[in-house]
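Residues per chain, in single letters:
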Amino acid sequence: MSGQNYNIMIVGQSGRLMFEAVLFAASLRQTNPGFRGRLCVAVPQPGPLWARDPSIRNEPVLEALSRLDAEILPFESQHFGQSYPYGNKIEALSVLPEGEPFVFFDTDTLITGDLSDVPFDFSRPSASLRREGTWPTPTLYGPGYADIWRALYGRFNLDFDSSLDLDQPDEYWKRYLYFNAGYFFGACPRAFGRRFLDYARSIRDDPPVEIVGQSLDPWLDQVALPLVIHSFGGGRDTLPDGYLDGHTSCHYRTFPLLYARESDHVVATLEEVCAPNKIKKVLKTYEPIKRLVYQGKGHRVRALFDQDNLPRREQAIRNRIKSEGLWMR
């Protein structure tokens, strides 16, 4: 399926995400000058579900996105909005072109390699496996992982057993289909989005008894996503390792974490993308990029860690950075 045309969607809004959107777009254009699809920046519009206007009104940001051939696609928040902004990625799928394959990326992602090398099979969707076992958190007296996930698959008449990774032990979180929602892809954004919305709302508004007591904020999108992917015939192994969240893209999450743990190639890509004056004028108005990239404090973060021997838990990395007064987002 490599070489197939597809569109890319990110969600941009006022604040941090609009600066990350500029950086994402600049990294895409630098590393993939021949990309043939559309780069769509879905932007939530003001409405009753937002206390403040979430749309992008910053003219330098809008001009930068225009120069980078990013299309602004406004959408209305009808179900989530400020109470659950992660729901933006679900509702925004409705404004992408129907029937055209898509890849969604979180804005806190850099494109670092040639996307034409990525062997997407859009008929078998998948998502990021760069995740930890963040949900659910079974209690001592149950229900356990299997009962919780079985109840969710049953809610939507999906085959639970075929979703299991039988190489992993029973009641170990990796046995059960679970993704980071930092990227996902599929054949039709509107069909995918409708089902994603239906599943997420059903879980939120009428949770199975087995998940009562489990937190759905911020995990709702990552609870519904594996069910959606499984329902479309996708899974954990439809995209080979090493491409997305590998040498082709990096979901860095925050700039301190990028400098702390990512490869030299990712750091070099970040700094090259930020260097042109037209980009610099926009990005330097965002304090974390100004301090970490342009003022060089990111390399102070990097020097705190051995990138070949990082702490196992992300929280330990965060704590060390915070102790040095270098944590910012």
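Caption draft 1: Focus on the overall build of the protein. Scanning the protein from N- to C-terminus turns up 13 helices and eight strands. In terms of C-alpha radius of gyration, the protein reaches 20 Å, essentially the compact-globule figure of 20 Å for 329 residues. Evaluated residue by residue, the protein yields a buried proportion of 53% over its 329 residues. Contacts in the protein between residues far apart in sequence, at least 24 positions, make up 79% of those at least 6 positions apart. Surface exposure of the protein reaches about 14600 Å², of which carbon and sulfur atoms provide 46%. In the protein, 38 side chains carry a positive charge and 41 a negative one; their mean positions are 6 Å apart.

Caption draft 2: Representation of the nonpolar core within the structure. With 59 residues, the main nonpolar core has Ile8, Val22, Leu23, Leu65, Phe105, Phe120 and Leu270 as its most contacted residues. A per-element tally of this core places helix 1 (residues 16–31) first, with nine residues. With residues near it in sequence (within four places) discarded, Leu270 still touches Leu23, Leu110, Phe255, Leu258, Tyr259 and Val293. Counting residues in each nonpolar core, the second largest holds 48 residues, with Ala92, Leu197, Val223 and Ala224 among its members.

Caption draft 3: The arrangement of the pairing of strand 1 (residues 7–11) in detail. Burial analysis of strand 1 places five of its five residues in the buried class, the great majority of the element. Of the two faces of strand 1, the one lined by Asn7, Met9 and Val11 and the one lined by Ile8 and Ile10 are each fully buried. Pairing of strand 1 with strand 4 (residues 102–105) involves three bridges; the strand directions are parallel. For Ile8, the partnering residue across the bridge sits in strand 4 and is Val103. Both strand 1 and strand 2 (residues 39–44) contribute to a ladder of four bridges, which runs parallel.

Caption draft 4: Quick peek at the environment of Val22. Its location among the elements puts Val22 in helix 1. Residue Val22 is classed as buried on the basis of its relative accessible area, which comes to 0%.

Caption draft 5: Summary view of the packing of aromatic side chains. This model, assessed by the stated rule, comprises 27 aromatic pairs. When the ring of Phe102 is compared with that of Phe184, the centres are 6.2 Å apart and the planes differ by 80 degrees; the resulting orientation is edge-to-face. Highlighted residues: Phe102 in strand 4 and Phe184 in strand 7 (residues 180–186), separated in sequence by 82 residues. Judged by its relative accessible area of 0%, Phe102 falls in the buried class. The class of Phe184 is buried, set by a relative accessible area of 0%. Each member of the aromatic cluster is reached from another via a ring pair, and the members are Trp135, Tyr145, Trp149, Tyr153, Phe160, Tyr176 and Tyr178. Lying over the aromatic face of Phe232, Arg195 brings its terminal NZ or CZ to 4.0 Å of the ring centre.

Caption draft 6: Representation of the side chain of Arg236 in the model. The residue Arg236 is located in the loop between helix 6 (220–231) and helix 7 (243–247) in this model. At 3.0 Å, the side chain of Arg236 forms a polar contact with the backbone oxygen of Ser163. Apart from residues no more than four positions distant in its own chain, Arg236 is found in contact with Ser126, Leu129, Ser163, Leu164, Asp165, Lys174, Arg175, Tyr176, Leu177 and Phe179.

Caption draft 7: Inspection of helix 13 (residues 314–323) at higher detail. Where helix 13 is concerned, the buried positions are Glu314, Ile317, Arg318 and Ile321. Projected down its long axis, helix 13 carries its buried residues within an arc of 95 degrees, all on one side. Contact partners of the buried residues in helix 13: helix 8 (255–261) and helix 12 (297–302). Once helix 13 ends, the next one or two residues include Gly325, with phi positive near 70 degrees.

The rules behind these values
Residues numbered from 1 in each chain as written. Predicted model: local features only at pLDDT ≥ 70, side-chain atom pairs only at ≥ 80, totals over all residues. Heavy atoms only, no water. Helix = DSSP H or I, 4+ residues; strand = E, 2+ residues; numbered from the N terminus. Rg over C-alpha atoms; globule rule 2.2 N^0.38 Å. Buried < 20%, exposed > 50% of the residue type's maximum accessible area, 1.4 Å probe, protein only. Contact = heavy atoms within 4.5 Å. Areas by Shrake-Rupley, 256 points an atom, 1.4 Å probe, with all protein chains shown as cover. Lys, Arg positive; Asp, Glu negative; His and termini not counted. Charge placed at Lys NZ, Arg CZ, Asp CG, Glu CD. Core = buried A, V, L, I, M, F, W, Y, C linked by side-chain atoms within 4.5 Å. Pairing = 2+ DSSP bridges. Phe/Tyr/Trp six-rings, centres within 6.5 Å; stacked < 30°, edge-to-face > 60°. Lys NZ or Arg CZ within 6 Å of the ring centre and 35° of its normal. Polar contact = N/O pair within 3.5 Å; in protein donor to acceptor, adjacent residues only side chain to side chain. Arc of directions from axis to C-beta.

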